[in-house]
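Inside the fold
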Amino acid sequence: LPAALREQLRELTNTVRIRPPPRTELDTKAPIYERILDALTRRRALRIEYQGPLDKKSLRAKLSPYCLLFSRRSWYVIGRSSLHKELRTFNLGRISAWKPMQQTYKIPRSFSLAGYLRNAWHLIPEPGADHNIVVRLQPLVARNVAEVVWHKTQRLRFQDDGCLEFRAQVSGLSEVAWWILGYGDQAEVLKPAKLRRLVAQRAANMHAIYNGESGA
């Protein structure tokens, strides 16, 4: 390229930056990524040990991988678990041991990632019918929330007082409850009552912690 154009491009690249969010480092887990990829290619099951976030002991299960997924900050494998007897989502970083098996499996033609996740807020769809949620966000955070597509079903409506009414249809309430709590006293659940109680209970637990009532 001509010198003037090279200099112009150099100046431009120095003023444009992309900052992806932090991600989980999988340097020590590269072998399990490669093993799951191999299992997917050859359709051979794996025997894994998995340490869930709330489990005191590692779980042992035969896993038939259906899909590898990178979402937000981590890699996940979605597959059928012999322990749970259904499709489950496993974080690769929590798989502590694995062993290839000779047993083969088939991925049903009916399987799709979208069908499995349904309308989960992120990765964990919960059994039962979807929930229509309504959250009122105060003016302090309303426009920031409105600038982001948080969920594929979201519908937004600004009110005369500057508040934002956030509506969505979600497959499960636990994940979205954490999102709501992230806005503290600037967000209020209007519907459904079950979600309102869940958020209220978690807020009450936080109040107990910060007021020395938790027994810690």
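This write-up is about the structure you can find in this document. (Residues numbered from 1 in each chain as written. Predicted model: local features only at pLDDT ≥ 70, side-chain atom pairs only at ≥ 80, totals over all residues. Heavy atoms only, no water.)

Quick notes on the nonpolar core
Counting 22 residues, the largest nonpolar core has Ile133, Leu137, Phe166, Trp179, Ile180 and Leu195 as its most contacted members. Within the residue set of this core, elements represented by two or more residues are strand E6 (131-137), helix H4 (139-146), strand E8 (164-170), helix H5 (174-181), strand E9 (187-191) and helix H6 (193-210). Here Leu195 is in contact with Ile133, Leu173, Val176, Ala177, Ile180 and Val189, once residues within four sequence places are set aside. Counting 17 residues, the second largest nonpolar core, distinct from the first, contains Leu40, Ala45, Tyr66 and Phe90. (Core = buried A, V, L, I, M, F, W, Y, C linked by side-chain atoms within 4.5 Å. Buried < 20%, exposed > 50% of the residue type's maximum accessible area, 1.4 Å probe, protein only. Helix = DSSP H or I, 4+ residues; strand = E, 2+ residues; numbered from the N terminus. Contact = heavy atoms within 4.5 Å.)

A look at H4
Of the residues making up H4, those classed as buried are Val141, Ala142 and Val145. What you see down the axis of H4 is that its buried residues fit within an arc of 125°, all on one side. Looking at H4, the residues exposed on the side facing more than 90 degrees away from the buried face are Leu140 and Arg143. Here the buried face of H4 lies against E6, strand E7 (155-158), E8 and H5. (Arc of directions from axis to C-beta.)

As for the layout of surface pockets
Approximately 820 Å³ is the volume attributed to the largest pocket. As for the largest pocket, its lining consists of 24 residues, of which Pro53, Arg88, Thr89, Leu123 and Ile124 are closest to the centre. Class assignment for the residues of the lining of the largest pocket results in twelve nonpolar, five polar and seven charged. (1 Å grid on protein atoms, 1.4 Å probe; cavity = no way out; pocket = protein on both sides within 12 Å on 5 of 7 lines; lining within 4 Å. Points joined across faces, edges and corners; volume = space filled by probe spheres on them. Nonpolar A, V, L, I, M, F, W, Y, C, P; charged D, E, K, R; others polar.)

Re the sheet that holds strand E2 (residues 59-71)
Read from one edge to the other, the open sheet built from five strands follows the order E4-E3-E2-E1-E5, with strand pairing classed as antiparallel. Lying at the two open borders of the sheet, with one neighbouring strand each, are strand E4 (86-91) and strand E5 (95-104). In this sheet, neighbouring strand axes are inclined to one another by 45° on average, regardless of whether the strands run parallel or antiparallel. Both strand E1 (residues 44-50) and E5 contribute to a ladder of six bridges, which runs antiparallel. Its bridge partner lying in E5, Arg47 is registered against Lys99. Against the sheet, helix H2 (residues 30-42) contacts E1, E2, strand E3 (74-81) and E5, and its axis sits at roughly 90° relative to E2. (Pairing = 2+ DSSP bridges. Axes fitted to C-alpha atoms, helices over the stretch in contact; angles between N-to-C directions.)

Remarks on unusual backbone geometry
With an omega of -5°, the peptide bond between Lys191 and Pro192 qualifies as cis. Mapped onto the secondary structure, Pro192 falls in the loop between E9 and H6. Unlike most non-glycine residues, Arg43 shows phi in positive territory, near 60°. As for its placement among the helices and strands, Arg43 is situated in the loop between H2 and E1. In this structure Arg43 comes out as partly exposed when scored by relative accessible area, which is 34%.

Coordinates in, geometry out; function isn't part of it.
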